[in-house]
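Close look at the chain arrangement
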Amino acid sequence: MFRAIADVLRQIGGAIATVVTLPFRALARLFGGASSSTRSRRA
């Protein structure tokens, strides 16, 4: 019984973690790509 509840909580926590980190990953990609492109342009 407790194992099933723990598994459900783990799945919910994982889903929340992915949803929360997705926008930050997108921002990191945008800023990372912009910084890399500016560096290559300057060089």
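The preceding data block contains the structure.
This text gives an overview of the structure that appears in the document. None of these values were measured; they are calculated from a predicted model. (Residues numbered from 1 in each chain as written. Predicted model: local features only at pLDDT ≥ 70, side-chain atom pairs only at ≥ 80, totals over all residues. Heavy atoms only, no water.)

**Some remarks on the overall build of the protein chain**
When its secondary structure is counted, the protein chain shows one helix and zero strands. Classification of the 43 residues of the protein chain by burial places 0% in the buried group. Surface accessibility of the protein chain: about 4,100 Å² in total, with carbon and sulfur atoms responsible for 68%. (Helix = DSSP H or I, 4+ residues; strand = E, 2+ residues; numbered from the N terminus. Buried < 20%, exposed > 50% of the residue type's maximum accessible area, 1.4 Å probe, protein only. Areas by Shrake-Rupley, 256 points an atom, 1.4 Å probe, with all protein chains shown as cover.)

**What to know about a nonpolar patch on the surface**
A cluster of nonpolar residues, Met 1, Phe 2, Ile 5, Val 8, Leu 9, Ile 12, Ile 16, Val 20, Phe 24, Leu 27, Leu 30 and Phe 31, forms a patch on the protein surface that exposes about 1,400 Å² of accessible area. With respect to the helices and strands, Phe 24 occurs in helix 1 (residues 2–42). Taking relative accessible area as the criterion, Phe 24 reaches 57% and is therefore assigned exposed. (Patch = residues over 30% accessible without salt bridge, like charges linked within 9 Å, V, L, I, M, F, W, Y side chains within 5 Å. Salt bridge = Lys/Arg side-chain N within 4 Å of Asp/Glu carboxyl O.)

**Some remarks on the pattern of salt bridges**
Inspection of every chain in the model, using the stated rule, returns one salt bridge. With a shortest N-O distance of 3.9 Å, Asp 7 and Arg 10 are connected by a salt bridge. Of the two residues, Asp 7 and Arg 10 both sit in helix 1, three residues apart, roughly one turn of that helix.

**Comments concerning the environment of Thr 21**
Relative to the assigned elements, Thr 21 resides in helix 1. By relative accessible area, Thr 21 is classed as partly exposed at 30%.

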